[in-house]
Number of protein chains: 4
Amino acid sequence: MLNRVVLVGRLTKDPDLRYTASGIAVANFTVAVNRPFSNQQGDREADFINCVIWRKPAENLANYMSKGSMVGVDGRIQTRSFDGQDGKRVFMTEVVADSVQFLESKNSNRQASGNGGQGSGGYQPQNQNQQEAPNPNQANNPQSGSSNDNLEPIDISDDDLPF
Amino acid sequence: MLNRVVLVGRLTKDPDLRYTASGIAVANFTVAVNRPFSNQQGDREADFINCVIWRKPAENLANYMSKGSMVGVDGRIQTRSFDGQDGKRVFMTEVVADSVQFLESKNSNRQASGNGGQGSGGYQPQNQNQQEAPNPNQANNPQSGSSNDNLEPIDISDDDLPF
Amino acid sequence: MLNRVVLVGRLTKDPDLRYTASGIAVANFTVAVNRPFSNQQGDREADFINCVIWRKPAENLANYMSKGSMVGVDGRIQTRSFDGQDGKRVFMTEVVADSVQFLESKNSNRQASGNGGQGSGGYQPQNQNQQEAPNPNQANNPQSGSSNDNLEPIDISDDDLPF
Amino acid sequence: MLNRVVLVGRLTKDPDLRYTASGIAVANFTVAVNRPFSNQQGDREADFINCVIWRKPAENLANYMSKGSMVGVDGRIQTRSFDGQDGKRVFMTEVVADSVQFLESKNSNRQASGNGGQGSGGYQPQNQNQQEAPNPNQANNPQSGSSNDNLEPIDISDDDLPF
DNA sequence: TTTT
DNA sequence: TTTT
C-alpha cells in the first residue's frame, strides 16, 4: 500500500486556517495546477485540488502564503464522506499535505523596486522576520507576505521553522 | 506546475470498461489504499480513490484485473465538475492513470497448488498468454485471472503489450 | 525544494542489516525495477537502485524480506561522497527510504499448497507472526519468509509494527 | 514495477546540451535540492542529483535555464555502468527527466526594476521570445535568460512549446 | 467556488 | 565537480 502525491501550483485563495476544539491548527487550501496540454478548444485548463495541512505547517502556510502564491505540496490522497446539509452523503477527495514548500510569493517581481546593490551574490538567510513570532490565535496575517518576497523559498515542514 | 500521483492498493470492484462514441476505450476503477496508521478507535482505515485510464491500458486492465487485484498506479490528479441529476453542480476528483501495474491477481495463493519444482530460480517470462489476444469488444473476461496467477507482474502501460 | 521517490521492484539480494556504534539499525538493499520498454535489441533492461533504511523498518525489512521479494519504496534521493580505497573520491547516489512496503514474498505461489477452502472472501489480518518478536541483534532470519507468504502485504513503516 | 521521481531544486551549473551522432539533443544537468533538516553540526546540506533529458525539452532547458535556476523535474531513476578511463567499471545513477518545469529564472528579483504599470493584473503569455527560434545546432544561448525573468513559469515538456 |  |  502506497499513496504519494506531489503538486506544484498556485493557491486559488488565501489559506483558511482554523483550530480544532483541542487547539490543533488546520489549514485548508486549494492548489490550481495548470495542465501540461491544451484541450480541443486549444486552451489550457487547470485542476483545482483541495488540500489540508495540520499543526505548525498550517500556521506557517497561513502566515506566509496567500492567493496566487506558488507552492510545492508533498502528501497523500485522502477520501472521506459526511452527510451534506441536504441529507445526502457527500464524498470528498483531498490531499493531506505532509509539507508545503513556498516557491514564489504572490507578489514577487511586482514589488521589486531597484534594489541594485542587493544581488551582490551574498546569501542572506531570510529568516529575520521569524523574530516577530506569529500569534497562533490570529488567523491570517495580511502584511506578512510583504516581509518575504520570494528572495528565498521557505520550507514550512513541521520541524523547519523555529516557531 | 507539477502533478504526480503514485498509488499501490486493491481494486474495490471489477474495472468498468466502456467505449466513447468515437470508439476510444476508457475504464473506471477504484483503488483501496490502506492507511499506514490506525485511527483513535485503533483500526486501520482505507482511502478509496477513483481512477480512470484510457485506450489500450484500459482494455488490458479490464481483461487482466478484477475485484481484489493489487495494482500500482502512476498518474495525475484531475478535477472536473458537471451538473448532477438534482440540478446541483457536482465536483469530482479522480486520478487519471498513465499506467497501471499488475502486482497481484485477485486469486494468487488461493489457486496455487503444489507446483514444487517450479521455484528453481529460473526466470520465465509470463507473456505466453498474450497470444490468446483478448477481444477488445468484450468487457470483462472473468477467467482471465487464472491464466496468470502473479508468477510475474504485468505492466500494462500503453506501448507495453503487443495488442 | 522537493525530493520524492517511489519505487516498486524486487530485492536483488537479502537486505544487509548492520548497527551503528551507537546501536542504530541500518539496512542496505538494492531494488531491481524493470524498465517499461525494451531497448534496441528488443529486451527489457532493469535499473538497480541502491537504497538504505534506518531503525525499526530496517530490522523489519531484514526479518521479513529477502532476495527476490517485491517491495514498494517511498523515500528521497540522497547523494554523498567519500574517499575510495584507491584514494579517489567516490560519489554515490542512493534512495533513503522512509518506508518499505512488502508486496510479495520471494516464495509466494511457490510454496503455496492446496489451501482450497481459504479464499472464502474473508479478510484475515496476517499479523499473528508478529508475536514472535524478532531479535534485533540477530541479522537475517532465513525462515521468516515462510511464515507470511504474501497472504496480505505488510507495511513496515516505522510506527507500524508493534515492536 | 514502478519508478517515479519528483524534484524541485536549483541547477548547479548551466545545462550541458549535446547532440548524438544521429542528431538527437540530450542535456545533462545537476539539481541541488536542499535537505529539509540540519545535520549534527546544525547546517543544511544538499543533494546534488544528476539528471538527463532528451530531445526538444533538452533544447528548451538549455535555452531558458542556467546556473541557479529553480526547476521542477518529473522523471525516473536510471542506473548504468561503463568502463572508466582507469579501466575500472563505473556505476552511475541519474534521473531521466520526462519533463522539466521552469519555476524561477536565475536572476528573478535581481533585475526587476520598477516596472510599475506592469503588474496590472493582466495576464500576458510570455512566449513572445519563442519567435526567435533557438538554433538547435547552437548549444547555450547565454543571453536567453534575460528575455524571460520568471514573469511566468514555463513548462518545457516535449509537446509544450511550439518549436 | 477557483491560480497565473 | 556543485545551487540559493
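Residues numbered from 1 in each chain as written. Chains lettered and ligands numbered in written order. Predicted model: local features only at pLDDT ≥ 70, side-chain atom pairs only at ≥ 80, totals over all residues. Heavy atoms only, no water.

By the naming in an unreviewed UniProt entry, chain A goes by Single-stranded DNA-binding protein and is assigned to Pelagirhabdus alkalitolerans. The UniProt entry for chain A carries the following text under Subunit (unreviewed entry): "Homotetramer." UniProt's Function (unreviewed entry) comment on chain A is quoted here verbatim: "Plays an important role in DNA replication, recombination and repair. Binds to ssDNA and to an array of partner proteins to recruit them to their sites of action during DNA metabolism." (UniProt positions renumbered as here; feature names shortened; annotations may be inferred.)

We now examine the pairing of strand 6 (residues 89-104) of chain B. All names here are of chain B. Taken across its 16 residues, strand 6 has twelve buried, putting it largely inside the fold. Across two bridges, the pairing between strand 4 (residues 44-54) and strand 6 is parallel. Bridge assignment links Cys-51 to a residue of strand 6, and that residue is Val-95. Taking the residues between adjacent antiparallel strands as the criterion, strand 5 (residues 70-83) and strand 6 are bridged by five residues, where Gly-87 takes a positive phi near 80°. (Buried < 20%, exposed > 50% of the residue type's maximum accessible area, 1.4 Å probe, protein only. Helix = DSSP H or I, 4+ residues; strand = E, 2+ residues; numbered from the N terminus. Pairing = 2+ DSSP bridges.)

Before going further, it helps to examine the pattern of salt bridges. For the structure shown, the criterion picks out 44 salt bridges over all chains. Between Asp-74 of chain B and Arg-4 of chain D there is a salt bridge, and its shortest N-O distance comes to 3.0 Å. In this pair, Asp-74 of chain B is assigned in strand 5 and Arg-4 of chain D in strand 1 (residues 2-11), connecting two distinct chains. Both residues of the pair, Asp-74 of chain B and Arg-4 of chain D, belong to the buried class. A salt bridge links Arg-89 of chain D to Asp-83 of chain D; its shortest N-O distance comes to 2.7 Å. The exposure class assigned to Arg-89 of chain D is partly exposed, which follows from its relative accessible area of 44%. On the basis of relative accessible area, Asp-83 of chain D is assigned to the exposed category, the value being 54%. (Salt bridge = Lys/Arg side-chain N within 4 Å of Asp/Glu carboxyl O.)

It is worth spelling out unusual backbone geometry at this point. Of note, the phi angle at Arg-55 of chain A is positive, near 60°, even though the residue is not glycine. Tracing the sequence through the fold places Arg-55 of chain A in helix 1 (residues 55-64).

Right, let's get into the relation of the copies chain C and chain A. For the pair chain C and chain A, the superposition axis carries a translation of 0.0 Å, the fit reaches an RMSD of 0.0 Å, and the rotation angle comes to 180°. What we have between these two chains is a two-fold relation. Identified as the residue of chain C closest to the rotation axis by C-alpha distance is Arg-4 of chain C, at 4.4 Å. Comparing contact sets, 100% of the residues at the interface of chain C also lie at the interface in chain A, consistent with an isologous, same-surface contact. (Least-squares fit on C-alpha atoms with pLDDT ≥ 70 in both. Contact = heavy atoms within 4.5 Å.)

Looking now at the interface of chain A and chain B. If you look at the interface, chain A gives 28 residues, while chain B gives 28 residues. For the pair chain A and chain B, the two sides together bury roughly 2300 Å², of which 55% comes from carbon and sulfur. Between the two partners, chain A and chain B, sit four salt bridges. Of the charged contacts in the structure, one is a salt bridge between Lys-88 of chain A and Asp-86 of chain B, with a shortest N-O distance of 3.9 Å. (Buried area = accessible area lost by both parts, 1.4 Å probe.)

In this section: the interface of chain C and chain A. Counting residues at the interface gives eleven residues for chain C and eleven residues for chain A. The largest per-residue losses of area from chain C upon contact with chain A belong to Met-1, Leu-2 and Arg-4 of chain C, which jointly make up 57% of the total buried on that side. One can count two salt bridges joining chain C with chain A. Taken together, the links from chain C to chain A amount to four residue pairs in polar contact (both at pLDDT 80 or more). At the level of elements, strand 1 (2-11), strand 5 (70-83) and strand 6 (89-104) of chain C are the ones that each hand at least two residues to the side of chain C that touches chain A. When the residues that make up the side of chain C that touches chain A are grouped by side-chain class, the tally is seven nonpolar, two polar and two charged. (Polar contact = N/O pair within 3.5 Å; in protein donor to acceptor, adjacent residues only side chain to side chain. Nonpolar A, V, L, I, M, F, W, Y, C, P; charged D, E, K, R; others polar.)

Quick look at the environment of Phe-82 of chain B now. All names here are of chain B. Relative to the assigned elements, Phe-82 resides in strand 5. Each C-alpha atom of the pair Phe-82 and Met-92 lies 8.4 Å from the other, and the pair is ten residues apart in sequence. In this view, Phe-82 contacts Lys-88, Arg-89, Val-90 and Met-92; residues no more than four positions away in its chain are not counted.

A separate point is the confidence of the model for chain A. Averaged over chain A, the pLDDT score is 75; the fraction of residues at 70 or greater is 64%. Note that pLDDT drops below 50 for residues 158-163 of chain A; the model gives that stretch 17 contacts with residues more than four away or on any other chain. (pLDDT = per-residue confidence, 0-100.)

All names here are of chain C. By the secondary structure assignment, Asp-43 is in the loop between strand 3 (25-38) and strand 4 (44-54). A residue is classified by how much of its surface remains accessible, and Asp-43, at 41% relative accessible area, is partly exposed. It is 23 Å that separates the C-alpha atoms of Asp-43 and Lys-13, two residues lying 30 residues apart in sequence.

Here the structure, examined in full by the defined rule, presents zero disulfides over all chains. Take Cys-51 of chain A: it sits in no disulfide, and the sulfur closest to it among the cysteines is that of Cys-51 of chain B, at 17 Å. For Cys-51 of chain A, a relative accessible area of 1% translates into the label buried. (Disulfide = S-S within 2.5 Å.)

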